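Single-letter residue listing:
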Amino acid sequence: MAPKKAKTVAVVGAGLVGTLEACMMAKRGYEVHLYEYRQDIRQMEHVPGRSINLAMSVRGRTGLGAVGVEEQIVQRHGIAMKARMIHSLDGTTKSIPYNREGKCIFSVGRRFVNEVLLTRAEDFPNVTIHFNHKLEACDLERGEMTFTNTATGERVSTRADLMIGCDGAYSNVRKQMLKRAHFNYKQEYIPHGYMELCIPATPDGEFAMPPNYLHIWPRGNYMMIALPNQDRSWTVTLFMPFEIFGTLTTPEELLSFFQTNYPDAIPLIGREKLINDFFSNKPLPMISVKCSPYHVGNTSVIMGDAAHAMVPFYGQGMNCGMEDCVVLNEILDQYGDDLTKALPAYSKRRNPDAEAIVDLAMYNYVEMRDLVNSPFFLLRKKLDDFLSIILPGRWQPLYTMVTFSRRPYSSCIANKTWQDKVIMRVSRVAGVACVAALARVALQAVREPAAQQAGRDALMWVSQAASRAWQG
Ligand code: FAD
Ligand code: EGU
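Residues numbered from 1 in each chain as written. Chains lettered and ligands numbered in written order. Predicted model: local features only at pLDDT ≥ 70, side-chain atom pairs only at ≥ 80, totals over all residues. Heavy atoms only, no water.

With that settled, the discussion passes to the site of ligand 2. With respect to spatial proximity, 17 residues lie near ligand 2, and among them R84, Y98, P312, F313 and Y314 are the closest. R84 has a polar side-chain atom sitting 3.0 Å from an oxygen atom of ligand 2. For ligand 2, an oxygen atom lies 2.6 Å from a polar atom in the side chain of Y98. For ligand 2, whose accessible area on its own is 610 Å², the fraction buried by protein is 90%. Those elements giving two or more residues to the shell around ligand 2 turn out to be strand 3 (53-56), strand 14 (213-219), strand 15 (222-228) and helix 14 (398-404). Broken down by class, the residue content of the shell around ligand 2 amounts to 12 nonpolar, four polar and one charged. (Near = heavy atom within 4 Å. Polar contact = N/O pair within 3.5 Å; in protein donor to acceptor, adjacent residues only side chain to side chain. Areas by Shrake-Rupley, 256 points an atom, 1.4 Å probe, with all protein chains shown as cover. Helix = DSSP H or I, 4+ residues; strand = E, 2+ residues; numbered from the N terminus. Nonpolar A, V, L, I, M, F, W, Y, C, P; charged D, E, K, R; others polar.)

Okay, here's the thing in structure tokens:
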């Protein structure tokens with residue numbers, strides 16, 4: 001018996017993932033209704049909310065390509081970032097390329113991507129977009145939903161064969177899942193907040209810093225990062241603990257903080273503008289969410305941030321959410337749109353990978369906070385870079401697998417674990433060889449009476465170093 005094909009799909013949330021998912025399901029022939037809390041952003045002068053631009057890499061591009069808007073968004077609008085540019089405290093900069101084969105990531109405007117996807121969705125005769133519709137409640141098993149029309153205040157009830165929750169990190173659809181047995185959920189707020197500032201274009205309309213880079217000001221517990229915009233301005237995101245944000249209450253305190261930590265950024269942003277923007281903004285929180293499963297029966301599923309919100313320290317939130325759409329599409333192909341089989345298969349396949357990138361992003365947050373100054377960590381990084389040069393293709397740094405391949409995230413971690421083991425083993429062998437060589441030198445010194453003390457010191461030093469290397 002051929003599986004019954006669902007006819008109607010309700011996508012809740014017309015953000016970056018919901019709009020793409022609506023296009024994907026329309027392409028499969030479903031009757032799609034897309035519901036969005038906000039009004040149509042294409043008609044708004046100013047769109048409030050977070051992160052003006054984002055780093056787009058291959059996973060996101062694959063999703064865009066599947067609905068035919070990759071070239072419009074990435075090639076025509078995106079700004080290539082070929083390398084990071086690191087700003088030191090003394091104002092010097094150094095650039096570290098992303099890839100020796102010239103692969104790069106792209107800075108894209110959130111609003112632009114969202115608008116292109118909305119317009120693409122509208123191109124399908126089988127998509128209807130309902131703006132000003134806020135999901136208030138839903139029955140996950142029946143596919144019934146109640147919305148408030150925020151323009152008229154009226155309540156709207158509706159149902160669909162399949163309900164797809166793409167309603168972001170504070171998802172209401174997920175909230176309904178939380179009430180059910182066997183639904184696992186874990187969330188974590190980090191102590192850091194973020195605030196977006198702006199480096200305007202120069203008076204003659206140029207970029208104030210070299211474009212085609214992701215600029216980073218790493219400062220241990222604080223960090224600033226800047227991505228280029230189409231209009232030649234930069235969006236600068238300042239990351240630091242809420243506690244520190246709280247201590248900057250006057251223009252003097254703010255300027256002295258910047259003078260101490262980001263002196264080269266003051267003239268770029270401009271004193272007045274820095275003070276103005278900082279005090280008219282509030283630092284925003286960052287949340288990390290893991291849950292499972294992503295589906296209920298054959299009627300509901302959550303995707304994007306609703307299923308796996310992550311801290312932004314890998315530039316993968318949107319990329320992962322768009323890859324969700326690609327993965328569900330593959331699974332629907334595989335099961336001939338039989339949702340009873342496809343939805344559980346999607347949860348099972350996607351959960352380990354989504355949790356892997358949620359972990360990686362959190363690990364990166366901890367790493368940049370605590371490890372950037374650790375000599376052992378830096379040595380490990382150097383060795384990693386060296387191996388990727390002498391073993392091209394066969395030894396890829398973790399960020400390369402995550403950013404420039406579609407290797408499942410969990411497999412990126414597994415590969416990294418294997419690499420760590422190899423590095424540990426190699427360094428032990430190297431350690432033992434060093435001990436042997438130095439011991440020989442020391443013994444020779446012992447035979448010469450004049451060098452006896454130096455020989456004993458050397459032996460002592462070598463044995464201590466060896467035991468440290470062995471332990472970890
Ligand atoms: P959202 O974009 O949040 O969309 C959810 C939509 O649902 C919204 O339109 C909302 O209005 C709507 N909605 C919510 N509730 C309801 C309701 N009850 N009823 C109806 N509609 C509702 N990712 C990257 O890949 N690269 C980056 O460089 C990057 N940088 C980031 C920097 C920062 C500071 C932050 C915070 C995030 C960053 N991300 C990045 C992550 C990225 O922003 C998210 O992963 C992405 O926006 C998720 O898309 P989404 O569609 O799942 O959710
Ligand atoms: C954070 C906030 C640099 C946009 C991780 C790199 C990010 C982005 C990095 C934000 C970093 C950190 C990587 C990319 C990217 C780096 C990456 C982080 C985009 C390991 C708008 N991160 N981000 N790693 O390699 O793989 O350049 O807000 F500072 S893109 Cl924290 Cl590749």
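The subject of this paragraph is the sheet that holds strand 3. In spatial order, the strands read 3-7-4; together these three strands make up an open sheet with antiparallel pairing. Strand pairing shows two members of the sheet lacking a second neighbour, strand 3 and strand 4 (79-81), which therefore form its edges. Each strand of the sheet is rotated relative to its neighbour by a mean of 35°, with strand direction disregarded. Summarising the sheet, strand 4 and strand 7 (residues 105-109) pair through three bridges and their orientation is antiparallel. Counted as the bridge partner of I79 is S107 from strand 7. (Pairing = 2+ DSSP bridges. Axes fitted to C-alpha atoms, helices over the stretch in contact; angles between N-to-C directions.)

On to the pattern of salt bridges, then. Tallied over the full model, the rule gives 23 salt bridges. Residue R28 pairs with D337 through a salt bridge whose shortest N-O separation is 3.0 Å. Note that R28 is positioned in the loop between helix 1 (16-27) and strand 2 (31-35) and D337 in the loop between helix 11 (317-334) and helix 12 (339-370), a separation of 309 residues in sequence. Under the relative-accessibility criterion, R28 is labelled buried at 16%. Note on D337: relative accessible area 7%, which makes it buried. (Salt bridge = Lys/Arg side-chain N within 4 Å of Asp/Glu carboxyl O. Buried < 20%, exposed > 50% of the residue type's maximum accessible area, 1.4 Å probe, protein only.)

Within the largest apolar cluster, 74 residues are counted, with the highest numbers of intra-cluster contacts made by V32, I73, M145, I164 and M322. Not counting the four nearest positions on each side in its chain, I73 is found in contact with M56, L64, G78, V108, F112, V113 and V116. I86, Y194, L214 and Y409 belong to the second largest nonpolar core, which has 33 residues in total. (Core = buried A, V, L, I, M, F, W, Y, C linked by side-chain atoms within 4.5 Å. Contact = heavy atoms within 4.5 Å.)

Before going further, it helps to examine unusual backbone geometry. Looking along the chain, the bond that leaves S292 and enters P293 is cis, with omega of -5°. Within the chain, D337 stands out as a residue other than glycine whose phi angle is a positive 65°.

The next point concerns the pairing of strand 5 (residues 83-87). Buried residues dominate strand 5, accounting for five of its five residues. Along strand 5, one buried face is formed by A83, M85 and H87 and the opposite face, lined by R84 and I86, is buried too. One ladder, built from five bridges, connects strand 5 with strand 6 (residues 93-97); its direction is antiparallel. Across the sheet, residue A83 finds its bridge partner in strand 6, namely P97. Sheet analysis places strand 5 next to strand 14, joined by four bridges and oriented parallel. Bridged to M85 within strand 14 is H215.

This paragraph deals with the packing of aromatic side chains. Applying the stated criterion across every chain yields a total of 15 aromatic pairs. Summarising the aromatic geometry, the rings of F278 and F279 are spaced 5.2 Å apart at their centres and angled 80° between planes, so their arrangement reads as edge-to-face. Looking at F278, the relative accessible area reads 4%, which means it is buried. Take F279: its relative accessible area is 34%, and that puts it in the partly exposed class. Positioned above the aromatic ring of Y409, the side-chain terminus of R59 is 4.0 Å from the ring centre. Positioned above the aromatic ring of Y399 is the side chain of R84, whose terminal nitrogen or guanidinium carbon lies 4.3 Å from the ring centre. (Phe/Tyr/Trp six-rings, centres within 6.5 Å; stacked < 30°, edge-to-face > 60°. Lys NZ or Arg CZ within 6 Å of the ring centre and 35° of its normal.)

As a packed pair, helix 2 (residues 58-66) and helix 3 (residues 70-77) sit with axes 7 Å apart at the nearest point and diverge in direction by 130°. As the angle between them shows, helix 2 and helix 3 are arranged oblique. Where helix 2 abuts helix 3, its residues R61, L64 and G65 lie against E70, I73, V74 and Q75. Residue composition of the contact of helix 2 with helix 3, by class: three nonpolar, two polar and two charged. (Parallel < 35°, antiparallel > 145°, perpendicular 65-115°, else oblique.)

Our next topic: the sheet that holds strand 12 (residues 162-165). Read from one edge to the other, the open sheet built from six strands follows the order 8-2-1-12-19-18, with strand pairing classed as mixed. In this open sheet, the two edge strands, each paired with only one partner strand, are strand 8 (127-130) and strand 18 (295-296). For strand 1 (residues 8-12) and strand 12, the ladder comprises four bridges, and the chain directions are parallel. Paired with V9 across the two strands is L162, which belongs to strand 12.

Turning to a nonpolar patch on the surface, a few remarks are in order. Where nonpolar side chains cluster on the molecular surface, the patch consists of L383, F386, I389 and I390 and spans about 370 Å² of accessible area. Checked against the element boundaries, F386 lands in helix 13 (residues 375-390). Given a relative accessible area of 47%, F386 falls into the partly exposed group. (Patch = residues over 30% accessible without salt bridge, like charges linked within 9 Å, V, L, I, M, F, W, Y side chains within 5 Å.)

Further remarks concern the packing of helix 1 against helix 11. Where helix 1 contacts helix 11, the two axes come as close as 9 Å, and the packing angle between them is 20°. Compared by their axis directions, helix 1 and helix 11 come out roughly parallel. Crossing handedness for the pair helix 1 and helix 11: right-handed. Taking contact as the criterion, the partners of L16, V17, L20, E21, M24 and M25 in helix 1 are, on helix 11, M318, G321, M322, C325, V326, L328, N329 and L332. Broken down by class, the residue content of the contact of helix 1 with helix 11 amounts to 11 nonpolar, two polar and one charged. (Left-handed = near helix turned anticlockwise from the far one by under 90°.)

Listing the buried residues of helix 2 in full gives R59, G60, G63 and L64. Along helix 2, the residues classed as buried sweep out an arc of 140° about the axis, all on the same side. Positive backbone phi, approximately 75°, marks G68, located one or two places after helix 2. (Arc of directions from axis to C-beta.)

Note that every value here comes from positions in space, so none of it alone points to a role or purpose.
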